[in-house]
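Here is how the chains run, residue by residue.
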Amino acid sequence: MRIFTYLRRHRLFVIPFTLCLSGVLFLANGITLSFPAAADSQRPAATVTRSPLSVTEDVRKTILENGLTILTKEVHTAPVVSVQVWYKVGSRNEAPGVNGIAHQLEHMLFKGTTTRPIQFGRLFSALGSESNAFTSFDQTAYFGTVERNKLKALLELEADRMQNALINDEQLASEKRVVISELQGYENSPTYRLDRAVRRAAFPNSPYGLPVGGTKADVEKFTAEKVRDYYNRFYSPDNATLIVVGDFDTAPTLKAVKEVFGKVPDRVKGTGVGSRNSEFGIRNSELNSPSATTARPNSDPIVLKEPGAAATLQVVYSLPDANHPDVPALDAMDYILTEGRSSRLYQALVESGLASAAGGGTANMIAGGWYELSATAAPGQQLDKIEAVQERAIANLRNKGVMPEELNRAKAQLKATIILSNRDISSQATQLGYSQTTAGDYRYIDRYLAALDKVTVDDVKRVANTYLATEKRTVGKFEPTQIAGQPGGAGAGTGQTAESFNLGSPVDPAEVAKYLPSVDVAATPKARRLPEEITLDNGLQVLLLPDSSTPTVTLSGYIKAGTEFDPNQSGGLASMTADNLMNGTKNQNALQLAKALEDRGASLGFSANREGVEIGGYSLKTDLPVVIQTMADVVQNATFPDRELELSRQRALTQLKIDLDNPGRVAQRKFQQTIYPANHPFHTFPTKESLQSIDRQQIVEFYQTHYRPDQTILTLLGDFDPKAVRSLLTQQLAKWQGTGKPPTIAYPDVSLPAKVKQFNPIMPGKTQSITILGYRGIDRKDPRYYTSLVLNQILGGDTLSSRLGTEIRDRQGLTYGIYSAFQAGRHAGPFAIRMQTDPTDAQKAIASARKLMQQIQTQGVKAEEVEAAKRSLTSSYTVSLASPDALASTILMNAVFGLGEEELRDFPQKIQAVTIEKVNLAAKELLQPDKLAIVTAGPGSATAQGE
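Here the structure is a predicted model, which is why all the values come from computation and not from measurement.

Trainee: Just checking my understanding: could you explain the overall build of the protein for this structure?
Mentor: The helix and strand inventory of the protein stands at 33 helices and 25 strands. Within the protein, buried positions represent 62% of all 947 residues. Expressed as a percentage of contacts within the protein between residues at least 6 apart in sequence, the contacts between residues at least 24 apart total 83%. Of the roughly 34000 Å² of accessible surface on the protein, 49% is carried by carbon and sulfur atoms.

Trainee: How should I be thinking about the pattern of salt bridges in this particular structure?
Mentor: In the structure shown here, the tally under the stated rule is 50 salt bridges. Among the ionic pairs, Asp623 bridges to Arg600, the shortest N-O distance being 3.9 Å. Of this pair, Asp623 sits in the loop between β19 (613–620) and α21 (624–637) while Arg600 sits in the loop between α20 (590–598) and β18 (603–608), placing them 23 residues apart in sequence. Of the residues examined, Asp623 reaches a relative accessible area of 11% and is grouped as buried. The partly exposed category is assigned to Arg600, whose relative accessible area is 33%. Each of Asp384, Glu387, Glu391, Arg398, Arg473 and Lys477 takes part in a single network of salt bridges with overlapping partners.

Trainee: Would you explain the nonpolar core in this entry?
Mentor: Inside soluble globular proteins, nonpolar side chains tend to come together where they are buried. Judged by nonpolar contacts, the single largest core of 71 residues is most densely connected at Leu604, Phe606, Met631, Tyr707, Leu716, Leu729 and Leu733. By residue number, the principal contributor to this core is α21, which donates eight residues. Leaving out residues up to four positions away in the same chain, Phe606 has contacts with Ala578, Asp579, Leu581, Met582, Val613, Glu614, Ile615, Met631, Val634 and Val635. Judged by nonpolar contacts, the second largest core, of 65 residues, contains Val59, Leu373, Tyr467 and Ala882.

Trainee: Looking at this model, I keep getting lost on the packing of helix α27 (residues 785–795) against helix α30 (residues 863–880). Mind explaining?
Mentor: Two quantities define a packed helix pair, namely the angle between the helix axes and the distance between the axes. At a closest axis distance of 9 Å, the pairing of α27 and α30 adopts a crossing angle of 105°. Taken together, the axes of α27 and α30 are roughly perpendicular relative to one another. Within the contact between the two elements, α27 uses Leu789, Val790, Gln793 and Ile794 and α30 uses Glu865, Val866, Ala869, Lys870, Ser872 and Leu873.

Trainee: Mind showing me how you'd approach the environment of Ser889 here?
Mentor: In this fold, Ser889 is placed in helix α31 (residues 884–896). Sequence separation between Ser889 and Leu717 is 172 residues, and the spatial gap between their C-alpha atoms is 9.8 Å.

Basis of the calculations
- Residues numbered from 1 in each chain as written.
- Predicted model: local features only at pLDDT ≥ 70, side-chain atom pairs only at ≥ 80, totals over all residues.
- Heavy atoms only, no water.
- Helix = DSSP H or I, 4+ residues; strand = E, 2+ residues; numbered from the N terminus.
- Buried < 20%, exposed > 50% of the residue type's maximum accessible area, 1.4 Å probe, protein only.
- Contact = heavy atoms within 4.5 Å.
- Areas by Shrake-Rupley, 256 points an atom, 1.4 Å probe, with all protein chains shown as cover.
- Salt bridge = Lys/Arg side-chain N within 4 Å of Asp/Glu carboxyl O.
- Core = buried A, V, L, I, M, F, W, Y, C linked by side-chain atoms within 4.5 Å.
- Axes fitted to C-alpha atoms, helices over the stretch in contact; angles between N-to-C directions.
- Parallel < 35°, antiparallel > 145°, perpendicular 65-115°, else oblique.

Pasting the structure below:
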């Protein structure tokens, strides 16, 4: 239920311009060699000829009598199952006047059904399900991942909302406000506004030129009757695919699916897509006409001159549909142009200092697609020059083609991306859903990989000439009309808000339980394997957890060299040090470091946060030595070349301008600087002056002082031999030594505000406000930590099921999203409630949040709420650890906090030990509604009111 603009990397591939509550992945892609024809088979995919690299092995396809397509795949790596339902309907099935109705309907399917008139988010939370949904151009999908014994319950819920959605005037009116809040939130982003204008100009006769979420004007006109009609036409089994991936047995699961979904009637049997669309002013011919998805000639660029931070260039070319044989060659071309530091446009634009960022990506869907290139201007650089350099690079590719080395690198990157993106069961289910709904064949990705192997340098040159002709592009430019770099004026007050209203009744867990499907008895869980811990002679701590389920490895690391060590006048020093590690060593320059990884499709990066530097590395198992060798080289031998350092500074300055044009970032900065005093490490943020003043010597000294093996922890998870990895680490890192005692820093005591402090940074040109309210919280080793998790789950841990979400989002419709969290680290981080609202609704939402805090603080919570929160937390913990990335991160952070390996296994028991008495005591101690710092960043309509 959230829109996020065209994601591209880790493209298992992403669904461009998708609306959802969380990120979703998709394959968008092409080659000169024909794909095998898509076959319709109900036998297991194992009987079908596959390329040597197969993603769809052991998938079984079944079609019910009502037309529902079922894809099942057993994956027994963790005791969890992912269930997804994909409907072949999206903004492609809309027209002006009803634009956004698919997305509005997706929201409504969380509001309940005639048989379960209750917010479905509460049901999913009770199951401990990681559930969500998205709407895109070609499809709408609902997905959840649960413990294996809850599989049938999740199936029943999805079958219920396939046929019994509750769509009435009252529910629609509330959810329309939420959708409008969501859409206006995206209006805060200049890149969103530019993308919308460019695609509308590029595809004036195609629904692909419409914004997926629609417009405020169209959403306001939706009626319950219109939304129900859309639901009845498109939410039918013959227009849907059910995907089940994970730890289950196929035969009994298919029996359960037939029992649950076989009863769902095919509401539009014998009609077809044309009649589905006809009532909405859309002709089927328009959806599939090649001319509808051909970008118009655009001699004059589209120029937006509006408030914003950084000048941005966007160029769009039309591309063919997902099944066109040119797609793999187009993806290879794109990777040669934009993927990684060695790519042509990165070298031409970013390494030259013209742009602070540059990228691109292909989007191939049912009836066409496009290729998008974007660049953000570096300080002082002009978009016209960036456009000219970009066009010269593309002309060079059209005229001279590419080198075999470049093509081989692109193929390796594409293959590695697909393998790495399919490591967890949710991503595998998503891949199947995309392939079946958009490409018409769940085995599409295997055909794609086979075709990719056959792409030649001639193919790449040909598709560049076919699709990237200058006259075929549409150009858009965003030119800021204000100078960003300051967060804007701030209205301030010390008073409390005064709103007169009554809270709704808290959700009764017994009411939720009444509508929850029965859950199978859980099998006795297997004892979770714990990582092996080793410590090298130099003090470096390593945790190893072999897992041969996929031929991949995740490297996660942590160095105690975060921004907590930034001097007051040198905010950004730690980040600039981390950002420049890969810019060259005594042994290799920046490009050599990049190519060593990119030639294999591997990656390695360093990023500084408050308490440490995160290390992230990914590779196929055969390439792990290169990742380790590169990591070892940069932590010991980084040279911080002057030229690269200056380019990095310019990128940091551009990013600062963008951050200070983002209401969420501005609110976070002001909030943190309000609750932490000036002498506290969490108070310091980069400024234009601090970034400009940092010199190379400071960075070298910071690196030499803080990058030490005895302040470093590494975690490796994946397909490797522990003995071989230990030997390699010892060999590569034995000479890395720290001298003297590790650096420390004093953290002063932080008291809560004596009374409410309220601030309103004013940001011209924004449509939505971001509010953060809270104070200094607790650290990870606080004895109340596990109790605080249970308390927070009840208060605001889940937007769709918590008290905050129930009251402020569902009942009042004031916000698209609201949540709370105790950010407990090595030191006491903030407790914060965060929400997005219309500026005129901010004060009412703030007052509601404070009143809810006060209600829980003084009246406590119910025993049933505590038990429900505990079940949700422990179940979601099991589900989350099915992801290799989440598991590696959990192991790493347990070590960072000094909790020991057993914490991985003991966490659920510690949650279960929390009692209602502990929760209510923690509520009195940890919830302080009269001692808040409140920051609302936005257009300036939310005036603070004094007491």
